[in-house]
Structures are given as C-alpha cells and as structure tokens.
Amino acid sequence: MCLPLCSPQHGRSRARVTHAVVVIFLEFFAWGLLTTPMLTVSAHTLFCKIGFLSFLSAPLIGALSDIWGRKSFLLMTVFFTCAPIPFMKISPRWYFALISVSGIFAVTFSVIFAYVADITEEHERSTAYGLVSATFAASLVTSPAIGAYLSAQYGDSLVVLVATVIAVADIAFVFFVVPESLPDKMRLTSWGFPISWEQADPFASLRRVGKDTTVLLICVTVFLSYLPEAGQYSSFFLYLRQVIEFSPAAITGFIAMVGILSIVAQTLFFGVLMRTIGKKNTVLLGLGFQLFQLAWYGFGSEPWMMWAAGTVAAMSSITFPAISALVSHSASPDQQGVAQGMITGIRGLCNGLGPALYGFIFFLFNVELNEMETMAGRSTASTQKLVVPGPPFLFGACSVIFALVVAFFIPEHHQLAEVKTCTANKADSSSAAHAQNGSPLSLPVSDTEDLEPLLQDSVM
C-alpha cells in the first residue's frame, strides 16, 4: 500500500508527510544531543512550569492553526522550542528565561499531527502518524550517544554549538521549504481579519471536554497513561545509574535499543494492528504493554530485567499514535488542530505533574536521585533491602490500570460535531474574507449552541 504523501493542492509546492518527518527529526535530534549537558542542569521546577504552560496553550494554538493555517504556527513552535539551545552556554540566566517562554510553544506535535491530517486520506492517516512517531524515536536513537561522545571528547560547548546549528537548520527548513497544508478555502486569507474571544479562549476546549463523554474518556485515558510516562522520563536514567548501577555506556545502549525497537513497533506493527484489530483495540494493547513494562521496572532489581522491560516499553510506544489517530479520524477537517491540541495539552499537564510526582514518591521511600557519582553507593545500599526497588513505577502501573478501564468505554466510531466557538465564528470571518475576494463561501455556519459536545455518535 502506497501512502499518499502529497496534498491535492496545485500551483505551489505541495505539502508532504516527509516535510513533517524532517521537522520532527531535526527538532528532537537537536535536543537529544543535549542529554548529557542537561543532566547537570537542575531544572525540574522549570520543566514543570513548561508543562503547565503547554497545557494551556496547546488547544489555543491548535485552534488558531485551524483558522490561519499550519505553517505559521509550525514555524512559531519550532523557533521558540529551539531558541533556548544556544543560551545553555552563552547565559544560563537567559537559558532559563527563554525555556520558560518556550513552554507556551512546546506543542510541535499537535501542529504536526494536524498538518499530516490535512494531507492524508483517513485510511492512510494511521500509517502516517506511526511514521511521524517513529521518526521521533529515531531522532533519539543516536543523538544522546553522539552528544555524550562529543561532550567527553571536546566538552559541552561543542555539543551546544552542533545542536544550535541543527536547530537553525530546522527553522530554515520550515521557513523556506515547508508549504502550507491547510487548503485556502478552509482558512482565512489574511491575518488582518479579527478573531473573537470565543475563538481564542484557551479554556474553551476544557469546557467542551466536560460536555462530551467521549472527549472526556479520551482525555482521562491520555492523562492516566502519560502521567507515569512523563515521570519516568524525568528520573529513569538516573535511576538506572544509581539504583541498578548502569554505566553511562549501558544507558546509551539502552536508549538506542528502545529507540530502534520503537521504530520497528511504530512502522511495522502499528499499521498492521490498526488495520486488523482497529484503533481502540490498538490503544488497549499499547496500554497493556505499558502496564507490563512499568510493573517490571518496579519489581526489577537486576540489569537484565531492565533490558527485558525495555523491549516491552518499545511496544508500548504505539499508544500515543493510536490515540492521535483515533482523535483525528473523529475530527472534521477544520477541527484537526484543536483536537490534536487537546491531546498535546493533556500531555503537557502530565509533563508538569509527572516529574514532581515521581520525585515525591522516591523521596517517601528514601531514594535520592541527585548527584550521579556521589549518591550511587548510598542509593544502592538503601534500595537493596526493599522488596520494591522502584515504587514510582508501580504507582505508574496502577495509573495505567485505571487508564485501561477508562479506555475500554471509549466508542470507536464517533465524529466531531460543529462547534460554534471555533467553526461558526471561523465561517463568519471567512464569509467576510470571501465576500471581499468575490469568492463563494465554502464553510457552513453552525446554528448549534455555543458549546456543543465536541464528539457525537456517527449514527445519531
């Protein structure tokens, strides 16, 4: 089966899935290089703030990209996400200041998934999402190892320089090469047209969550499943080093192994699973693998157990693209941005809460993950007597159990209803724009309530 990589637009460069793939790869490869330098930066509180900021901004940016197009907001998210990189060595004060601001725009995935939805048919979209997610994994397969090698041989300054060059290349690629994916008839032709508060309200999506059962179930599933994953990202490699006594080389190898297996899972198995068992069952299967992985991390006390659990973790990586595909298939073409923005916003909230939660649980069980060299012996000695070496991972497993229960009740065949706060107002503005241009109006105005349920059963 051949994936249609082009949009049906003519007269200009056509948007392709490969554009989205390159943008994601370069952005996360640049940050992956900085894995070693960032281990020396105490920024847990800062990254918690970033998570909360992206939680508020992701639905808004997604909704605005539905109105004004994807490219401008893709350029904005990539620029502000990468802007702090050079200041890691130039000025730590400016680095922390810029990375705080970048949290508002750290929602590249929601814009990318909406971009892909614009240019793919529904039956091909799951494969495209798997490819984008696999690209994210691929960017992290080699970049931490390359960054660690450059840091050991030439110092952190060179690593930051290389990451900055790659980030600039990514920004230039978006500006000069990436075309707009949203058709002209679905977006405003000018930034000069006014936008109402209802369209810009960052809390509008939260109110829609409360009014629609299906959206609520999806968001709760994302929250319960990604909360332990976000906490795991913040502490897992220090945990491997101090408690399981992994060497730096072993940690690098572990990252590479999980990344390679994740690529295989998201490119080969993901598409097959989506076609054979469906979107909802693929989500349930991914959550099952995540539950097994976290339980193994929690009870495992030997290095081989971590390696074995890492293979299971690779299979659990199918969960997020499956949920994104489920949401995208339910969303109308002019609501892809806000739909993906809600999911990214929930993940941003988890990025704020997860590290703090895992740190608190480690503290309760007297496991300190601070300085890698000086704390290793004391942390190992204190955890060898514990029946459960990794209590936060068991908490995460319990959270995933609840996510499985919630996900079981998600209906698979739903479609987005018209939402007046976004679609109708967008249509009103588009009507004025097209009237001035002498072109017919292509978007209908909804006569529904201001806040209808976002999803409705397709058989109703």
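Only a predicted model underlies this, so the values are computations on that prediction, with no experimental measurement involved.

K.L.:
Give a detailed account of the environment of I277, specifying residues and quantitative values.
P.N.:
Examined against the element boundaries, I277 turns out to sit in the loop between helix 13 (248-276) and helix 14 (279-299). Of the residues examined, I277 reaches a relative accessible area of 33% and is grouped as partly exposed. Beyond its immediate chain neighbours, meaning those up to four positions away, I277 contacts T282 and L285.

K.L.:
Account for the packing of helix 8 (residues 122-154) against helix 16 (residues 319-330), naming residues and giving values.
P.N.:
Packing of helix 8 against helix 16 leaves a shortest axis separation of 9 Å and a crossing angle of 150°. Two packed elements cross with a definite hand, and for helix 8 against helix 16 that hand is right-handed. Listed contacts from helix 16 to E122, H123, R125, S126, Y129, G130 and S133 of helix 8 are P321, S324, A325, S328 and H329.

K.L.:
Which residues make up the pattern of salt bridges, and what are the values?
P.N.:
In this structure the tally under the stated criterion is two salt bridges. The closest approach of N and O atoms between R70 and D118, which form a salt bridge, is 2.7 Å. With R70 in helix 4 (residues 70-82) and D118 in helix 7 (residues 108-119), this residue pair connects regions lying 48 residues apart in the sequence. Both residues of the pair, R70 and D118, count as buried. What emerges from the salt-bridge pattern is a single network uniting D66, R70 and D118.

K.L.:
Describe the side chain of T81, with residues and values.
P.N.:
You can see T81 is positioned in helix 4. With residues up to four places along the chain from it excluded, the contact list for T81 reads E27, W31, S102, F105, A106 and T108.

K.L.:
Give a description of helix 14 that names residues and reports values.
P.N.:
With 21 residues, helix 14 extends 31 Å from end C-alpha to end C-alpha; this agrees with the ideal 30 Å at 1.5 Å per step. Those residues of helix 14 that sit buried are K279, K280, T282, V283, L284, G286, L287, Q290, Q293, L294, Y297 and G298.

Rules and cut-offs
Residues numbered from 1 in each chain as written. Predicted model: local features only at pLDDT ≥ 70, side-chain atom pairs only at ≥ 80, totals over all residues. Heavy atoms only, no water. Helix = DSSP H or I, 4+ residues; strand = E, 2+ residues; numbered from the N terminus. Buried < 20%, exposed > 50% of the residue type's maximum accessible area, 1.4 Å probe, protein only. Contact = heavy atoms within 4.5 Å. Axes fitted to C-alpha atoms, helices over the stretch in contact; angles between N-to-C directions. Left-handed = near helix turned anticlockwise from the far one by under 90°. Salt bridge = Lys/Arg side-chain N within 4 Å of Asp/Glu carboxyl O. Expected span 1.5 Å × (residues − 1).

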